[in-house]
Amino acid sequence: MEGITDELKDSYDVVIVGSGPAGAGAAKALTGSGLKTAIIEKAPLPRDKMCSGILLPRALKFISDDYGVLPEKVFCQPKEVFAHRMYMSRESNYIEVPWDSFFDKDMPKVGFNTYRSEVDLWLCKRSDASLVDKCLFIDYTTDSDDIIVEVKHSGNYRKIKTKYLVGADGTRSRVRRSVSPEFEKALSWIPAYEEWYKGDSDLEPGFQYIFFETDGYAFLFHKDGEIQVCYIAYQGKSCKKYLSKFRDFLIEKHNLRIDKTTMTRGIMRSNMLALKKYLFGKDNVLIAGEASGIMEAIDPALASGKAAGQSVLKSLETGKSALECYMNNELLLFEKENAEKTVERIRSDLGFFWYDKV
Ligand SMILES: Cc1cc2nc3c(=O)[nH]c(=O)nc-3n(C[C@H](O)[C@H](O)[C@H](O)COP(=O)(O)OP(=O)(O)OC[C@H]3O[C@@H](n4cnc5c(N)ncnc54)[C@H](O)[C@@H]3O)c2cc1C
């Protein structure tokens, strides 16, 4: 789309891989520093992401503190999202879990329902980084103080030079794989598959419904007259098959009416957080957001991205490696501790954390 993307240059001070919240957070932290920064994104912009797009209270606070007021075009209906409603089994009634049981009392009370394509682009555009789409990170090597980044940009292979590299490239991070192929080999993968329907059900919009099943968990969410139904299977078996059975259950028990299936897609998630297996980078290569293994949500991605950007600045100021600065960054340490506490809290409330069964 015209006006969104910039030309790819031969060299930068900082290259950020990924235009999600972690990439946006890193770019925002570097804004005003004078460093020549690029966010490279493999997808055409604006890119969508498999997600319910609920900006939870903490993400809303982070965004209003660091980025300003979100424009109306990022929201979908119903705009306000009040809580999770959890069904511990198909037979049980739901338990409502309001956001303020997870977040501090000074946070907003409601979450907002958004389009990720719009939110993520808006966040990236609040920085002074160049934004280069259709640019796939392939690998990197080092040459004395330089990092040589191999990319495929609009079909052409290119090598670009940078001093710092930030991998904010999501769950299947290639930057993480380049930093440590051994680490990558030890990961387990959990498939998630979703379908979107035009239709209706007897579940009230404005809540995210989570159903704990024997083979995984599923959720249902309303967005602008469509219903998103997603299944996450613990054992890597066919998610589609589980979703199809779950769909039958919704039709029977919750009067799901499907007029049209508008989208189907899948994604893999890793169990890094459940095992406290993180990878935060190496030397002047940092890994932020979901790629690093911290909590899967928009707010930790924004915060760890910000921590990565701050660590690049600290590295320039102190002469220490970016990784050393990152590992001592207060925001990152808080995120890590907070994520671990949340997992433990879920384990104690539910008796398990969703990826314990992988
Ligand atoms: C089904 C589902 C529902 C969810 N719902 C919510 C929700 O409602 N609220 C919430 O807070 N969280 C939700 N999450 C979690 C949330 O989507 C993620 O935690 C968040 O997007 C992580 O942000 P990130 O910036 O780390 O990565 P991402 O948002 O995944 O961004 C990574 C970016 O990197 C790009 N990229 C990847 N590889 C390369 C490459 N090699 N070269 C160039 N670019 C590359 C990708 O295209 C992508 O744009 C959900 C997740 C799933 C799977």
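Preceding this paragraph is the structure being described.
Let me begin by describing the structure that accompanies this report. In this text, all values refer to a predicted model and were calculated from it rather than measured experimentally. (Residues numbered from 1 in each chain as written. Predicted model: local features only at pLDDT ≥ 70, side-chain atom pairs only at ≥ 80, totals over all residues.)

## Things to note about helix α3 (residues 116-125)
Moving on, step 1. Taken as a whole, α3 has its buried residues at Arg116, Val119, Asp120, Leu121, Leu123 and Cys124.
Moving on, step 2. Close packing links the buried residues of α3 with α1 (21-30), β2 (37-40), β7 (111-114) and β8 (130-132). (Buried ≥ 20, exposed ≤ 12 C-beta atoms within 10 Å, placed from the backbone. Helix = DSSP H or I, 4+ residues; strand = E, 2+ residues; numbered from the N terminus. Contact = placed C-beta atoms within 7 Å.)

## Overview of the site of the ligand
Moving on, step 1. Taken together, the neighbourhood of the ligand is formed by 37 residues, with Gly18, Gly20, Ser52, Gly170 and Gly289 sitting nearest.
Moving on, step 2. Looking at the shell around the ligand, the elements with two or more residues in it are α1, β9 (135-143), β13 (189-200) and α7 (298-318).
Moving on, step 3. Examining the composition of the shell around the ligand, we find that three residues originate from one element, α1, more than from any other.
Moving on, step 4. Of the residues that constitute the shell around the ligand, the class distribution is 20 nonpolar, eight polar and nine charged.
Moving on, step 5. Mapped onto the domain boundaries, the shell around the ligand takes at least three residues apiece from domain 1 (14-48 + 118-186 + 274-350) and domain 2 (54-113 + 189-270). (Near = placed C-beta within 6 Å. Nonpolar A, V, L, I, M, F, W, Y, C, P; charged D, E, K, R; others polar. Domains from an automatic or database assignment.)

## Here's the deal with the sheet that holds strand β16 (residues 226-233)
Moving on, step 1. If you walk across this open sheet you meet the seven strands as β6-β5-β14-β15-β16-β13-β17, and the pairing is mixed. Both edges of this open sheet fall to β6 (95-98) and β17 (257-270), since each of them pairs with a single strand only. Direction aside, the axes of adjacent strands within the sheet are offset by 20° on average.
Moving on, step 2. Summarising the sheet, strand β5 (residues 83-87) and β6 pair through four bridges and their orientation is antiparallel. Each residue of the ladder has a partner; that of Arg85, found in β6, is Glu96.
Moving on, step 3. With respect to the sheet, helix α6 (residues 239-253) is in contact with β13, β15 (216-223), β16 and β17, its orientation differing from that of β16 by roughly 130°. (Pairing = 2+ DSSP bridges. Axes fitted to C-alpha atoms, helices over the stretch in contact; angles between N-to-C directions.)

Keep in mind these numbers describe shape, not what the thing actually does.
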